Structure formats: C-alpha cells, structure tokens
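Understanding the architecture of this molecule
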Amino acid sequence: AGTNVNFIQIKDEKIYIRTYERGVEDETWACGTGSVAAALISFVKFGLKPPVKIIPRSGDQLIVDFSVEDQKVNNLSLTGPAKVIFTGQIPINFFR
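In this text the structure is predicted, and so the values were computed from the model without any measurement.

Moving on, we get to the pattern of salt bridges. A full pass over the atoms with the stated rule returns 3 salt bridges. Across the pair Arg18 and Glu27 runs a salt bridge whose closest N-O atoms are separated by 2.3 Å. For Arg18, a relative accessible area of 44% translates into the label partly exposed. Take Glu27: its relative accessible area is 24%, and that puts it in the partly exposed class.

As paired elements, strand β1 (residues 5-11) and strand β2 (residues 14-21) share 7 bridges and run antiparallel to each other. Looking at the pairing, Ile8 lines up with Ile17 of β2. Here β1 hands over to β2 after 2 residues, with Asp12 in that stretch at a positive phi of 55°.

Mapped onto the elements of the fold, Thr19 is located in strand β2. A polar contact is formed between the side chain of Thr19 and the side chain of Asn6, at a distance of 2.5 Å.

This part covers the layout of surface pockets. Within this model, the largest pocket holds a volume of roughly 320 Å³. Residue lining of the largest pocket: 16 residues in total, with Ala30, Ser58, Asp60, Pro81 and Lys83 positioned closest to the centre. Its residues assigned to classes, the lining of the largest pocket shows 9 nonpolar, 5 polar and 2 charged.

Counting 11 residues, the largest nonpolar core consists of Ile15, Ile17, Val36, Ala38, Ala39, Leu48, Val52, Ile54, Leu62, Val64 and Phe66. Those elements giving two or more residues to this core turn out to be β2, α1 (32-46), β4 (52-55) and β5 (62-69). Dropping the residues within four chain positions of it, Phe66 is found in contact with Ala39, Leu40, Phe43, Pro50, Val52, Val73, Asn74, Asn75 and Leu76.

Okay, the side chain of Ser35 next. Examined against the element boundaries, Ser35 turns out to sit in helix α1. A distance of 2.9 Å separates a polar side-chain atom of Ser35 from the backbone oxygen of Cys31. Apart from residues no more than four positions distant in its own chain, Ser35 is found in contact with Ile17, Ile54, Leu62 and Val64.

Glancing now at the pairing of β4. Bridging between β2 and β4 involves 3 bridges; their strand directions are parallel. Paired with Ile15 across the two strands is Ile54, which belongs to β4. In the sheet, β4 pairs with β5 via 3 bridges, with the strands oriented antiparallel. The residue of β5 that forms the bridge with Lys53 is Ile63. Where β4 folds back on β5, the antiparallel hairpin that results is connected by 6 residues, among which Gly59 adopts a positive phi of roughly 90°.

Reading guide: rules and limits
- Residues numbered from 1 in each chain as written.
- Predicted model: local features only at pLDDT ≥ 70, side-chain atom pairs only at ≥ 80, totals over all residues.
- Heavy atoms only, no water.
- Salt bridge = Lys/Arg side-chain N within 4 Å of Asp/Glu carboxyl O.
- Buried < 20%, exposed > 50% of the residue type's maximum accessible area, 1.4 Å probe, protein only.
- Pairing = 2+ DSSP bridges.
- Helix = DSSP H or I, 4+ residues; strand = E, 2+ residues; numbered from the N terminus.
- Polar contact = N/O pair within 3.5 Å; in protein donor to acceptor, adjacent residues only side chain to side chain.
- 1 Å grid on protein atoms, 1.4 Å probe; cavity = no way out; pocket = protein on both sides within 12 Å on 5 of 7 lines; lining within 4 Å.
- Points joined across faces, edges and corners; volume = space filled by probe spheres on them.
- Nonpolar A, V, L, I, M, F, W, Y, C, P; charged D, E, K, R; others polar.
- Core = buried A, V, L, I, M, F, W, Y, C linked by side-chain atoms within 4.5 Å.
- Contact = heavy atoms within 4.5 Å.

This is how it looks when you write it as structure tokens:
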C-alpha cells in the first residue's frame, strides 16, 4: 500500500530531488535515505563527484560526502539542517 520513490534532476552540479514516501502517501520535504541514494547513483551513473549538493523540496541544501576505494564507499556522511516539523503528545493511559 504505497512506495518510497525519488525523482531527481541534475543541474549545475546539484541534484534537485522530489520524494514521495509510503506511510505519508504524499510528497515530503526531504528524505535522508533517498538523498544519499541519489548521490551514490549519480556518482555511479553520471560521474557526479562528492561532495554532492542535494536540493530537496524544502529548499534547504543537503551535502552527501563520501570516498570510494576499491569499489567500496567509505566515510559516508549527510549534512544539513534538522528541523522539528511536528510535535505531539500521547497520554500514558493510551498504552493500557
């Protein structure tokens, strides 16, 4: 009942990404896992060199950095802002 999917466009050495997430069943502002996957596949398929700049729907810039040695990815990192977009409360008696 749904899927996680990312659509990317590479322009001016940046990846512009749009993400649709299962569970949300709609487009989300950003996805760390999808951004890292987009950076790695863009390196393999299109030769985009790290650090890779990612621009998600939120407009915030994310940076995916890594090195590759003997066809193995090393020192992978994702850097960008972390923001609270939702808060909620669950009553203690909810678990009874």
